[in-house]
Amino acid sequence: MSLSIPNVDATPGRPRARLRSTGRTVDLAPSDMGLWTGALPLDGATAGEQTVEFVVRLRDGTDAVIDSPTFLLSAPEYVVWTLDFEGDAAGDAEMANTAAIADALGVPMTLMWNPRVWTTSQVGAARADAMLAWTKGRLAKGDEIALHLHMWIDFVRAAGLAARTSPNWGGRSDGYDVPLTAYDEAQTRALVELSLRLMAEHGLPRPTSFRGGGLFANAANLRAVAALGFTADCSATPAGPFGSLQLPWTLAPDAQPYYPARDDANRAGDLPLLEAPNIAGNTYGHSASSIAAVAQADLRMIAAPGQAASQRRALTLVSHPGTIDATERAAIEALFRAFEPYRYDRDAGPLRFVTLAQLAKAYSR
């Protein structure tokens, strides 16, 4: 905040700013621009219209309010764009489309890397190297590198475990569609430890965010992930079926981030791992026209343009760098443009695009 006091030396008057709703007061300091400036903390203030009183001390020792502008205070709203590498090959054109969206629209990515590409003969070394180089390039631009696992038979065996082909959600025989919930806590730990080792060997930073394949995870899986230092998970999603299986989640369609219980991933508790449910949709298979319904549903979960959000909200959505062709790219761009009237970085509203790690910090306890 800043205040102009023309044609007078205001120093003896000790200019201050006071938030009327909380009484919090800060001294203002003169700037090179001829303004008196300061940062007024907003903790403890409720969402809605707020008034700042600019106060000076008069020669008789009394204080006077010389201006009292108002502003609209909102709780923060967040959108997290997560992108799953599936453990198979992602093409250069699709990854280029992915990067173009992020760069043009100013949207940070949480890239869920899948280290299975280093344990299979189905992805050639040159292709794995190209995917890795692209991912490191995105890391240099500030995107987050996270971990995403599918239960591919070759990957599970590389972790020293007996691989399973059932239960599965799609009738495949390569383990891709076997849920992480088919493996217990110790087995999950072994799979994640292999992942961390492979990522470190290939020059990727140790991730702090995780997602299970197909959005499957249970309390045992999450305990293993949390024990290895992860601070966020985004496997959760609203209740319903996935292929031929029922998802392990019982969450509402607008479920918000929470810390799960150690014995029940659907219930709040004290596991030191933020769960960020995927409530904002999956862009796979969408076009610019078909994604309109997704955008409308997402916007209904946040405050209307020009209105303050009464409580913080987070919307997490899913894409895949290996599938973003021209059609899906247009869909994602249309979805993100629907958020333009709400964006904080456009000075339009309280909504911020953040990575999952940034969300975890915002919700830290």
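Please refer to the structure placed before this passage.
All values reported here derive from a predicted model rather than from experimental measurement.

Undergrad: Is there a simple way to explain the side chain of threonine 237 in this structure?
TA: Note on placement: threonine 237 falls in the loop between β13 (232-233) and β14 (241-242). We classify threonine 237 as buried; its relative accessible area is 9%. Engagement of the side chain of threonine 237 in a polar contact is seen with the backbone oxygen of asparagine 278, the distance being 3.3 Å.

Undergrad: What exactly am I supposed to notice about the packing of helix α4 (residues 185-201) against helix α5 (residues 219-227) here?
TA: For any two helices packed against each other, one specifies the inter-axial angle together with the distance between the axes. Between α4 and α5, the least distance of the axes is 8 Å, while the angle of their chain directions is 45°. Taken together, α4 and α5 sit at an angle that is classed as oblique. Of the two possible hands of crossing, α4 and α5 adopt the one that is right-handed. Contact with α4, carried on its side by Glu185, Thr188, Arg189 and Val192, involves Ala220, Asn221, Arg223, Ala224, Val225 and Ala227 of α5 and no other residues of that element. Of the residues assigned to the contact of α4 with α5, the class counts are five nonpolar, two polar and three charged.

Undergrad: Sorry, what's going on with the pattern of salt bridges here?
TA: A side chain of one charge can pair with a side chain of the opposite charge if their charged atoms are brought near each other. Across all of its chains, the model carries 24 salt bridges by this definition. A salt bridge links arginine 346 to aspartate 345; the shortest N-O distance between them is 3.4 Å. You can call aspartate 345 partly exposed: its relative accessible area is 48%. Three or more residues joined by partner-sharing salt bridges are found here, namely Asp103, Arg138, Lys141 and Asp143.

Undergrad: For this particular structure, what's the right way to read the packing of aromatic side chains?
TA: Two numbers describe a pair of aromatic rings. These are the distance of the centres and the angle of the planes. Summed over all chains, the structure comprises 13 aromatic pairs. A ring pair is formed by phenylalanine 339 and phenylalanine 353, whose centres lie 5.9 Å apart and whose planes are at 85°; its orientation type is edge-to-face. Here phenylalanine 339 is found in the loop between α7 (326-337) and β18 (351-354), whereas its partner phenylalanine 353 is found in strand β18, with 14 residues between them in sequence. Here phenylalanine 339 matches phenylalanine 353 in class, with each residue buried. Taken together, the ring pairs connect Trp152, Trp169, Tyr176, Phe216 and Phe242 into an aromatic cluster.

Undergrad: Could you clarify how one ought to interpret the pairing of strand β11 (residues 144-149) in this entry?
TA: Residues in a regular strand point their side chains to alternate faces of the sheet. Counted residue by residue, β11 has six buried out of six residues, so it is predominantly covered. Neither face of β11 is open: one carries Glu144, Ala146 and His148, the other Ile145, Leu147 and Leu149, and all of them are buried. Relative to β11, strand β10 (residues 110-113) runs parallel, the two sharing four bridges. Bridging across to β11, tryptophan 113 finds its partner in leucine 147. Relative to strand β12 (residues 209-212), β11 runs parallel, the two being bridged by three bridges. Each residue of the ladder has a partner; that of histidine 148, found in β12, is arginine 211.

Definitions and cut-offs
- Residues numbered from 1 in each chain as written.
- Predicted model: local features only at pLDDT ≥ 70, side-chain atom pairs only at ≥ 80, totals over all residues.
- Heavy atoms only, no water.
- Helix = DSSP H or I, 4+ residues; strand = E, 2+ residues; numbered from the N terminus.
- Buried < 20%, exposed > 50% of the residue type's maximum accessible area, 1.4 Å probe, protein only.
- Polar contact = N/O pair within 3.5 Å; in protein donor to acceptor, adjacent residues only side chain to side chain.
- Axes fitted to C-alpha atoms, helices over the stretch in contact; angles between N-to-C directions.
- Parallel < 35°, antiparallel > 145°, perpendicular 65-115°, else oblique.
- Left-handed = near helix turned anticlockwise from the far one by under 90°.
- Contact = heavy atoms within 4.5 Å.
- Nonpolar A, V, L, I, M, F, W, Y, C, P; charged D, E, K, R; others polar.
- Salt bridge = Lys/Arg side-chain N within 4 Å of Asp/Glu carboxyl O.
- Phe/Tyr/Trp six-rings, centres within 6.5 Å; stacked < 30°, edge-to-face > 60°.
- Pairing = 2+ DSSP bridges.

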